[in-house]
Amino acid sequence: PDRFSPIQQRSGRSLSEQLDKFEQLLETTLSTTRNRVDRLQTLTSSLDDRIRQLRLLPLSTVFQRLSRPARDLGHSQGKTVDLVIEGGDTTADKQIIEALQDPLVHLIRNAIDHGLELPADRERLDKPATGKLHLRAYRQGSRLMIELSDDGQGLDLAAIRQKAIALGMARPEDLANLSHEDEAAFLADLLFRPGFSTRQKVTEVSGRGVGLDVVRTTIERLK
């Protein structure tokens, strides 16, 4: 015989039904909450993208400010300079673009002062009298690449080597043990050290060892 009365049995079924309904309600609530969380994450991600897009500016914002300083500096040194810009439509965060102006100015000053020859010297080398700087920006994966090149004489490795030895930054015997490529890389890296300059006399433009070290410091800070 059944030990439970009909009232107890009905009560048990009623409790079971209530638990089933509660479980269904809980699953529905959890499902609704998950959907709302997913929609919120989508909206948040979309908002983040919109904010980032609003902060993006083309590099032409800073590039276009460089033509006149390049021309004026060249004129002050008796050199004619043509600055060619490529990739000005490449975008970057506004904060990065604003921080890039000073390093780019230092690079251009260095290229004009140390790289480009005087018109008469260029003509003797069968080069156009006007020196050319090429400023290029592009994306490489997630990295922003900016290149500045000039058609001048290149690095004076002999002068850099002489100054490095004079400042105690290198020993002749150590340099002698390096391959030509390794020595060139080592000497080029010295140009980014604070206080290093191959100029014998301090001028308004160079000789104080301030310039390329500012470039490296800024770029490292911006990662």
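Since we're looking at a predicted model, the values are computed, not measured.

J.: So what exactly am I meant to see when it comes to a nonpolar patch on the surface here?
T.: On the surface, a nonpolar cluster with roughly 290 Å² of combined accessible area is contributed by Phe 22, Leu 26 and Leu 30. Relative to the helices and strands, Leu 26 is located in helix H1 (residues 6-55). Of the residues examined, Leu 26 reaches a relative accessible area of 40% and is grouped as partly exposed.

J.: Before we go on, may I ask you to explain the packing of helix H6 (residues 157-166) against helix H8 (residues 180-190) in this structure?
T.: Pairs of packed helices are described in terms of their axes, by the angle between the two and the distance that separates them. Remark: H6 packs on H8, axes separated minimally by 10 Å, with the N-to-C direction vectors making an angle of 65°. Judged on the interaxial angle alone, H8 and H6 are roughly perpendicular. For the pair H6 and H8, the sense of crossing is left-handed. Residues Leu 157, Ile 160, Arg 161 and Ala 164 of H6 form the contact with H8, whose participating residues are His 180, Glu 183, Ala 184, Leu 187 and Leu 190. By residue class, the composition of the contact of H6 with H8 is six nonpolar, one polar and two charged.

J.: So what exactly am I meant to see when it comes to the environment of Leu 222 here?
T.: By the secondary structure assignment, Leu 222 is in helix H9 (residues 212-222). Of the residues examined, Leu 222 reaches a relative accessible area of 23% and is grouped as partly exposed. Considering only alpha carbons, one finds Leu 222 and Ile 96, 126 residues apart in sequence, at a separation of 7.1 Å.

J.: Is there a simple way to explain the side chain of Arg 122 in this structure?
T.: Within the secondary structure, Arg 122 sits in helix H5 (residues 119-124). A polar contact of 2.9 Å, which involves the side chain of Arg 122, links it to the side chain of Glu 117. Apart from the residues within four sequence positions on either side, Arg 122 is in contact with Leu 116, Glu 117, Lys 127, Pro 128, Ala 129, Thr 130, Gly 131, Asp 151 and Gly 152.

J.: Whenever I open this one, H9 confuses me. Can you help?
T.: For H9, the complete set of buried residues consists of Leu 212, Asp 213, Val 215 and Thr 218. Of the surrounding elements, those touching the buried residues of H9 are helix H4 (94-115).

J.: What's the story with the environment of Thr 91 in this structure? I'm lost.
T.: Along the chain, Thr 91 falls in strand E3 (residues 91-93). Linking Thr 91 and Ser 60, residues 31 residues apart in sequence, is a C-alpha distance of 8.7 Å. Setting aside chain neighbours within four positions, we find Thr 91 in contact with Leu 56, Leu 57, Pro 58 and Arg 139.

J.: Explain the pattern of salt bridges here, please?
T.: Pairs may arise between side chains of opposite charge once their charged atoms sit close together. Under the defined criterion, the tally for this structure stands at 13 salt bridges. For Glu 117, the salt bridge identified is with Lys 127, shortest N-O distance 2.8 Å. In this pair, Glu 117 sits in the loop between H4 and H5 while Lys 127 sits in the loop between H5 and strand E4 (131-140), placing the two residues 10 residues apart along the sequence. Overall, Glu 117 belongs to the buried group, its relative accessible area being 7%. Counted as one network, the salt bridges with shared partners bring together Glu 117, Arg 122, Lys 127 and Asp 151.

Cut-offs and rules
Residues numbered from 1 in each chain as written. Predicted model: local features only at pLDDT ≥ 70, side-chain atom pairs only at ≥ 80, totals over all residues. Heavy atoms only, no water. Patch = residues over 30% accessible without salt bridge, like charges linked within 9 Å, V, L, I, M, F, W, Y side chains within 5 Å. Areas by Shrake-Rupley, 256 points an atom, 1.4 Å probe, with all protein chains shown as cover. Salt bridge = Lys/Arg side-chain N within 4 Å of Asp/Glu carboxyl O. Helix = DSSP H or I, 4+ residues; strand = E, 2+ residues; numbered from the N terminus. Buried < 20%, exposed > 50% of the residue type's maximum accessible area, 1.4 Å probe, protein only. Axes fitted to C-alpha atoms, helices over the stretch in contact; angles between N-to-C directions. Parallel < 35°, antiparallel > 145°, perpendicular 65-115°, else oblique. Left-handed = near helix turned anticlockwise from the far one by under 90°. Contact = heavy atoms within 4.5 Å. Nonpolar A, V, L, I, M, F, W, Y, C, P; charged D, E, K, R; others polar. Polar contact = N/O pair within 3.5 Å; in protein donor to acceptor, adjacent residues only side chain to side chain.

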